[in-house]
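The residues making up each chain are set out below.
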Amino acid sequence: MPLSDHDFSAIRLTLELASLTTVLLLIVGTPIAWWLARTRSRLKGLIGAVVALPLVLPPTVIGFYLLVVSGPHGPVGQITQSLGLGTLPFTFTGLVVASVFYSMPFVVQPLQNAFESIGDRPLEVAATLRANPWDCFFTVVLPMARPSFVTASILGFAHTVGEFGVVLMMGGSIPDKTRTVSVQIFDHVEAMEYAQAHWLAGGMVVFSFIVLLALYSSRRFKPGLA
Amino acid sequence: MRSWFNRLTNKEQPSVEPTQAKNTQGIYARFHIQYPGFELKVDLDLPGHGVTALFGHSGSGKTTCLRCIAGLEQADIGYLEVNGELWQDTQAGVFIPTHKRSLGYVFQEASLFPHLSVRGNLAYGRKRIDRTQRTSWDHILDLLGIGHLLDRMPDRLSGGERQRVGIARALVTNPRLLLMDEPLAALDLKRKGEILPYLERLNQELDIPVLYISHSPDEVARLADHVVLLDQGQVIAQGGLQETMARLDLPAVFTEHTGVVIEARVAEHDDEYHLTRLDFVGGSVLVTERPEPLGQRLRFRVDARDVSLSHHRVEGTSVMNILPVRIMDIATADTPAHVLVRLDVGGSIFIARITRRSCDQLGIAQGMDMWAQIKAVALLV
């Protein structure tokens, strides 16, 4: 067997991290995307830019600041400590929080685009058919934006699987806790274990390719009213 | 503002019983909205039954007005009462949100939900009304001829079918008011012709007030009982269809459509020449053969451009319809070269659009008896 127990543990941890992050991102990202798509507030530009920052910043920069802010002397760290929760860095929870920030734009942007292209009309139609705003969101907006939710989930998941810099800064490389596949590959290479590095790296290439292939070859749904 | 306030205070005084009774039937709407470059300021007093057409050019504020009534647009200052229910009163801080107003809205494009079948679209609103308000939808499906489409998805429907489903979807919520924003505008002539008869049947069979936006004079003449003319966010005229269409004092933007609508009855069929005689108050006209039985009521429209005048009954003409008329008054038309002349035909009013030169040469003056040649009669069926 070319993969060691440590490798399997890294794979399991990565899948756990990506799944949890994706679920959290859908919960947190949907209202943010909705707000960005609907608001006329002047804050729209500011929030949109903050959400998009991970697209351009080096992951190490995000990891570094998250580390500083949530470390024992950082403001978030002080709060988590006073609540008796300890600190986030070098824990799985810390990784999840970091991943949520890091993958945010990959979930928020497709959803925001979908909500924007749905436009006002379906909401108005639903209102004239007695649907209150919540009802309308769940019975009209969600079904109409469903393909974009699939896209957002896939991108969020895949992007979290592929992160390295943030994980290394925030999580280090603690087996079973913070050592994800990308970190494991790095460790194999450091230890000159190229064969094992190949198996994992090759697996990542295949995984990413299949995900993107599925995404790009699916019929793109155009939201809109008939 | 003052008039709304008066209306409110009046309502609270039991001494003005008739006003109160009147208030419970009808639609009272006052809206004032200011946008950059556009101001809507309307004061509407509409009957609580029948079809009221909001007529005007694009940009006249028709749609904004309808959206205010639906609550899709919130007027800066507004008062709205529909058959006794208060829907908006900015002074009292009342604004009932759209989803709590018992109304049906038909948009210009059918706007069906793409993820639901025809049945799902129809059921969407119906599921959300009070159980006791739900009635069988078979009648409405029949009226609109969509019973066979229930299991189709919206993208498998033609434009006309979609619009009929859109109308049915609004109707099955059993609304107290039906708002229609140019429901035929997105359709070609053939599809329009396909839907118009359905709309007429609706108006005859359903007893709810309908506000209907249109910029087509023929559509208005055919469907409406009551008209509101809007221009640049202002109400230019409102009243019964026939009186309002026969007015001469409307601004130039409307005079290009000047014409009258006459209510008539099928009086005689001439089988030899394939003609039908229609009687109206004060006279009759001959038209090409109609399929309707004797006694059937029909509306026809006579465009002011199709009426000419002469001192004597013209002999040797191919024009069939020549009526004795008395000149009521003369007004300016849409061009400086023309005038509009209002004619009394034994109680019915016609309008002729003739050149000012002819008017002067013939010495046409109020009270004069003349003959009118009617070149075309458009039947609105």
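Please read these numbers as outputs of a predicted model, since none were measured by experiment.

Parameters at a glance
- The numbers attached to residues start from 1 for each chain and follow its sequence in the written order.
- Starting at A for chains and at 1 for ligands, labels are handed out in the order in which the entities are written.
- Local features are withheld for residues below a pLDDT of 70 in this predicted model, meaning they are given only at 70 or higher, and side-chain atom pairs are given and counted only at 80 or more; totals for whole chains, interfaces and linings count all residues.
- Excluded from the side-chain calculations are hydrogens and water; all other atoms, namely the structure's heavy atoms, are used.
- Runs of E in the DSSP output that reach at least two residues are strands. Runs of H or I that reach at least four are helices, and both are numbered from the N terminus.
- Only C-alpha atoms enter the radius of gyration; for comparison, a globular chain is expected to reach 2.2 Å times N to the power 0.38, where N is the number of residues.
- Relative accessible area decides the class of each residue, using a 1.4 Å probe on protein chains only: under 20% of the type maximum gives buried, over 50% gives exposed, and in between gives partly exposed.
- We call two residues in contact when some of their heavy atoms are within 4.5 Å.
- Computed by Shrake-Rupley with a 1.4 Å probe, the accessible areas treat only the displayed protein chains as cover when residues are assessed.
- His is not counted, nor are the chain ends, whereas Lys and Arg count as positive and Asp and Glu as negative.
- The atom standing in for a charge is NZ when the residue is Lys, CZ when it is Arg, CG when it is Asp and CD when it is Glu.
- To form a nonpolar core, buried Ala, Val, Leu, Ile, Met, Phe, Trp, Tyr and Cys residues must be joined to one another through side-chain atoms within 4.5 Å.
- Two strands pair under a simple rule: DSSP has to find at least two bridges between them.
- Salt bridges are counted wherever a side-chain nitrogen of Lys or Arg sits within 4 Å of a carboxyl oxygen of Asp or Glu.
- Contacts described as polar in this section are N or O atom pairs within 3.5 Å, which, within protein, must combine one atom able to donate a hydrogen with one able to accept it, while residues neighboring in sequence count only if both atoms come from side chains.
- By this rule the span expected of a helix is its residue count minus one, scaled by 1.5 Å.
- At any given residue, the bend is defined as the angle formed between two axes, one fitted to the seven residues that end at that position and one fitted to the seven that begin there.
- As defined here, a cavity is a set of points on a 1 Å grid over the protein atoms alone where a 1.4 Å probe fits but cannot get out. A pocket is an open set with protein on both sides within 12 Å along at least five of seven lines, and residues line them when an atom is within 4 Å of a point.
- Grid points are joined across faces, edges and corners, and a volume is the space filled by probe spheres set on the points.
- Residues were grouped as follows: Ala, Val, Leu, Ile, Met, Phe, Trp, Tyr, Cys and Pro as nonpolar; Asp, Glu, Lys and Arg as charged; and all remaining residues, including Gly, as polar.
- Axes, fitted as lines to C-alpha atoms, cover a helix only where it is in contact. Angles between the N-to-C directions of the axes lie from 0 to 180 degrees.
- Throughout, the edges of the domains are those of an automatic or database domain assignment.

Caption draft 1: Expanded view of the overall build of chain B. Counting secondary structure elements, chain B contains 11 helices and 21 strands. Rg of the C-alpha trace for chain B: 23 Å, near the compact-globule value of 21 Å for 381 residues, within the 12% margin. Taken along its principal axes, the extent of the C-alpha atoms in chain B is 65 × 55 × 45 Å. Taking all 381 residues of chain B together, 50% fall into the buried category. The contacts in chain B between residues at least 6 apart in sequence include a share of 65% that link residues at least 24 apart. Summing over all exposed atoms, chain B offers an accessible surface of approximately 17200 Å²; the carbon and sulfur share of this is 49%. Each charge class in chain B can be summarised by its mean position, and for the 42 positive and 47 negative side chains these summaries are 5 Å apart.

Caption draft 2: Here's a closer look at the overall build of chain A. Scanning chain A from N- to C-terminus turns up 11 helices and 0 strands. Listed N to C, the secondary structure of chain A is α-α-α-α-α-α-α-α-α-α-α in terms of helices and strands. Put simply, chain A has 226 residues, and 41% of those count as buried. Looking at chain A alone, contacts between residues at least 24 apart form 72% of all its contacts between residues at least 6 apart. Considering chain A, the positive charge centre built from 13 side chains and the negative charge centre built from 12 side chains are found 18 Å apart.

Caption draft 3: Structural view of the nonpolar core. Residues Phe115(A), Phe31(B), Leu80(B), Tyr105(B), Leu177(B) and Leu179(B) are the most contacted members of the largest nonpolar core, which totals 61 residues. Not counting residues up to four positions away in its chain, the partners in contact with Leu179(B) are Leu66(B), Ile69(B), Ala70(B), Leu103(B), Gly104(B), Tyr105(B), Val106(B) and Leu211(B). If you look at the next biggest cluster of nonpolar residues, it comprises 47 residues, including Leu150(B), Leu199(B), Val220(B) and Ala224(B).

Caption draft 4: Molecular detail of the pairing of strand E15 (residues 297–303) of chain B. Residues and elements named next belong to chain B. With respect to burial, E15 is a largely interior element, 6 of its 7 residues being buried. Of the strand pairs in this sheet, strand E12 (residues 259–270) and E15 are connected by 7 bridges, and their pairing is antiparallel. By the bridge assignment, Val260 is partnered in E15 with Val302. In this structure, E15 lies alongside strand E21 (residues 378–379), joined through 2 bridges in antiparallel fashion. Its bridge partner lying in E21, Phe300 is registered against Leu379.

Caption draft 5: Broad picture of the pattern of salt bridges. As enumerated under the stated definition, the model contains 24 salt bridges over all chains in all. Here Lys62(B) and Glu182(B) are joined by a salt bridge, their closest N and O atoms 3.6 Å apart. On the criterion of sequence distance, the pair formed by Lys62(B) in helix H3 (residues 62–70) and Glu182(B) in the loop between strand E8 (177–181) and helix H7 (189–205) is long-range, its members being 120 residues apart. Neither residue differs from the other here; Lys62(B) and Glu182(B) are each classed as buried. For Asp369(B), the salt bridge is made with Arg326(B), and the minimal N-O distance between the two is 2.9 Å. With a gap of 43 residues between them, Asp369(B) in strand E20 (residues 369–374) and Arg326(B) in strand E17 (residues 321–332) connect regions that are remote in the sequence. On the basis of relative accessibility, which here comes to 47%, the residue Asp369(B) falls in the partly exposed class. Judged by relative accessible area, which is 43%, Arg326(B) ranks as partly exposed. Among the charged side chains, a salt-bridge network with shared partners connects Arg121(A), Glu124(A), Arg67(B), Glu73(B) and Glu109(B).

Caption draft 6: Quick look at the environment of Thr91(A). All names here are of chain A. Tracing the backbone through its elements, the reader meets Thr91 in the loop between helix H4 (75–82) and helix H5 (92–118). Between the alpha carbons of Thr91 and Lys177 there is a distance of 6.4 Å; along the sequence they are 86 residues apart. A distance of 2.6 Å separates a polar atom in the side chain of Thr91 from the backbone oxygen of Leu88.

Caption draft 7: Quick peek at the side chain of Glu219(B). Residues and elements named next belong to chain B. With respect to the element layout, Glu219 can be found in helix H8 (residues 217–223). Here Tyr212 takes part through its side chain, which lies 2.8 Å from a polar atom of the side chain of Glu219. Setting aside residues no more than four positions away along its own chain, Glu219 makes contact with Leu184, Lys192, Leu196, Tyr212, Ser214 and Ala224.

Caption draft 8: Seen up close, helix H2 (residues 43–56) of chain A. Taking 1.5 Å of rise per residue, the 14 residues of H2(A) would be expected to cover 20 Å, and the 20 Å separating its terminal C-alpha atoms lies within 8% of that figure. The largest bend along H2(A) reaches roughly 30 degrees and is located at Val50(A), with the proline Pro54(A) sitting one to four residues downstream.

Caption draft 9: A look at empty space enclosed by the protein. In this structure the tally under the stated criterion is 2 cavities of 30 Å³ or more. Listing elements by their share of the lining of the second largest cavity, those giving two or more residues are helix H6 (121–128) of chain A together with strand E7 (103–106) and helix H6 (159–171) of chain B. The element that contributes the greatest number of residues to the lining of the second largest cavity is H6(B), accounting for 4 residues. Counted by class, the lining of the second largest cavity contains 7 nonpolar, 4 polar and 1 charged residues.

Caption draft 10: Here's a closer look at the sheet that holds E20(B). Residues and elements named next belong to chain B. Spatially, E16-E20-E17-E18-E19 is the arrangement adopted by the 5 strands of the open sheet, whose pairing is antiparallel. With one partner strand each, in any of the chains shown, strand E16 (307–310) and strand E19 (348–355) form the two edges of the open sheet. The average angle at which neighbouring strand axes cross in this sheet is 45 degrees, direction not considered. When E17 meets E20, the two strands line up antiparallel, connected through 6 bridges. Paired with Val325 across the bridge in E20 is Met370.

Caption draft 11: Structural view of the layout of surface pockets. By volume, the largest pocket is sized at about 850 Å³. If you trace the largest pocket, you find 30 residues lining it, with Trp34(A), Arg38(A), Asp120(A), Leu123(A) and Pro133(A) closest to the centre. Among the elements of the structure, helix H1 (5–38), H5, H6 and helix H7 (133–144) of chain A are those that each provide at least two residues to the lining of the largest pocket. Ranked by the residues each element gives to the lining of the largest pocket, the list is headed by H7(A), at 7 residues. Counted by class, the lining of the largest pocket contains 17 nonpolar, 6 polar and 7 charged residues. Empty space within the second largest pocket amounts to approximately 520 Å³. In terms of lining residues, the second largest pocket is bounded by 24 residues, among which Glu200(B), Asn203(B), Gln204(B), Arg222(B) and Arg299(B) are the most central. Only H7, H8 and E15 of chain B provide two or more residues apiece to the lining of the second largest pocket. For the lining of the second largest pocket, the leading source of residues is H7(B), giving 4 residues. Classifying every residue of the lining of the second largest pocket by side-chain character gives 11 nonpolar, 5 polar and 8 charged. Residues lining the lining of the second largest pocket come from more than one domain, with at least three contributed by each of domain 1 (2–249) and domain 2 (259–379) of chain B.

All quantities given are derived from atomic positions and should not be read as evidence of function.
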